[in-house]
Amino acid sequence: MSVKANDKSPSELTTTISLTSLREVPGGVDTASLFASLPQEISQLLASVDENSAMLIALTGAGAGARFLLDSDLITVGRDQASQIFFDDITVSRKHCSIFRSYNEFLIEDLKSLNGTYVNAQAITRTFLRTGDELHIGKYRLTFFQGQLKKGE
């Protein structure tokens, strides 16, 4: 059987998409190790966040060092300049996701963004957040930290 030079095998017709920016994050985060690995400045900052608030911190990657205090019942995230958390990058949808606070729990919801919202490398529609969760919003990686300071301390 002869094969012509312009014939293509099925393997040549497929394309591989690389998702190397999404790395596997373990389901259970060792918060003690996470806090021990943080610079002292960030540890001190997190110690001042009250139990009804939280903070997102870009520990690595795009925007490394950026910090966002979550201290209201609704936080919008996106490329729209009216967003409380504004990311000026085309990998982020204008209205990418929202974070809701109810008492001392935080829920993130994807708003049908083009690139999706990921928590611990899993695409989500809606999920609760806990300390150590890593969020991917476009090219941004943010780590979620629940506040621990009790009122009156």
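Given the structure is predicted, the values throughout are model-derived calculations rather than measurements. (Residues numbered from 1 in each chain as written. Predicted model: local features only at pLDDT ≥ 70, side-chain atom pairs only at ≥ 80, totals over all residues. Heavy atoms only, no water.)

K.L.:
Whenever I open this one, the packing of aromatic side chains confuses me. Can you help?
P.N.:
By convention here, two paired aromatic rings are described through the distance between centres and the angle between planes. Scanning the model with the defined rule gives four aromatic pairs in all. With 5.7 Å between their ring centres and 80° between their planes, Phe68 and Phe87 make a pair best called edge-to-face. Taken as a pair, Phe68 in strand 2 (residues 67-70) and Phe87 in the loop between strand 4 (85-86) and strand 5 (97-102) lie far apart in primary sequence, 19 residues in all. The burial state of Phe68 is the same as that of Phe87; both residues are buried. Grouping aromatic residues by their ring pairs yields a cluster made of Phe68, Phe87 and Tyr140. (Phe/Tyr/Trp six-rings, centres within 6.5 Å; stacked < 30°, edge-to-face > 60°. Helix = DSSP H or I, 4+ residues; strand = E, 2+ residues; numbered from the N terminus. Buried < 20%, exposed > 50% of the residue type's maximum accessible area, 1.4 Å probe, protein only.)

K.L.:
Quick question: what am I supposed to make of the environment of Ala47 here?
P.N.:
Summarising the element assignment, Ala47 is placed in helix 2 (residues 40-47). With relative accessibility at 52%, the residue Ala47 sits in the exposed group.

K.L.:
I keep staring at the nonpolar core and nothing clicks. Help me out?
P.N.:
Soluble globular proteins: nonpolar side chains tend toward being buried together. Among the nonpolar cores identified, the biggest contains 22 residues, and Leu56, Leu70, Phe87 and Leu135 are the most heavily contacted of them. Mapped by element, the contributors of at least two residues to this core are strand 1 (54-57), strand 2, strand 3 (74-78), strand 5, strand 6 (105-110), strand 10 (134-137) and strand 11 (140-146). Sorting elements by how many residues they give to this core places strand 11 first, with three residues. Excluding its chain neighbours within four sequence positions, the residues that come into contact with Phe87 are Phe68, Val77, Gly78, Arg79, Val92, Ile137, Tyr140 and Leu142. Judged by nonpolar contacts, the second largest core, of eight residues, contains Leu38, Val49, Met55 and Phe145. (Core = buried A, V, L, I, M, F, W, Y, C linked by side-chain atoms within 4.5 Å. Contact = heavy atoms within 4.5 Å.)

K.L.:
In this structure, what is going on with the sheet that holds strand 4? I would like to understand it.
P.N.:
Hydrogen bonds along the backbone pair up the strands of a sheet, which may run parallel or antiparallel. Strands sit in the order 4-3-5-6-9 across an open sheet of five strands; the sheet is mixed. What marks the edges here is a single partner per strand, and that holds for strand 4 and strand 9 (126-128). (Pairing = 2+ DSSP bridges.)

K.L.:
I keep staring at the pattern of salt bridges and nothing clicks. Help me out?
P.N.:
Opposite charge on two side chains lets them pair, provided their charged atoms get close. Taken as a whole and assessed by the stated rule, the structure comprises five salt bridges. Here Arg101 and Asp73 are joined by a salt bridge, their closest N and O atoms 3.1 Å apart. Of this pair, Arg101 sits in strand 5 while Asp73 sits in the loop between strand 2 and strand 3, and the two are 28 residues apart along the sequence. Notably, a salt bridge pairs Asp133 with Arg130, separated by 3.5 Å at the nearest N-O pair. On the basis of relative accessibility, which here comes to 1%, the residue Asp133 falls in the buried class. (Salt bridge = Lys/Arg side-chain N within 4 Å of Asp/Glu carboxyl O.)

K.L.:
It is not clear to me how the environment of Ser43 should be interpreted in this structure. Could you clarify?
P.N.:
With respect to the helices and strands, the residue Ser43 is situated in helix 2. Those residues in contact with Ser43, other than ones at most four positions away along the chain, are Phe35 and Leu38.

K.L.:
Any chance you could explain the sheet that holds strand 10 here in plain terms?
P.N.:
If you walk across this open sheet you meet the six strands as 2-1-11-10-7-8, and the pairing is antiparallel. Taken across any chain shown, the strands that pair with only one partner, and hence form the sheet edges, are strand 2 and strand 8 (122-124). Averaged over all pairs of adjacent strands, the angle between their axes in this sheet comes to 30°, without regard to strand direction. As paired strands, strand 7 (residues 117-119) and strand 8 are joined by three bridges and run antiparallel to one another. (Axes fitted to C-alpha atoms, helices over the stretch in contact; angles between N-to-C directions.)

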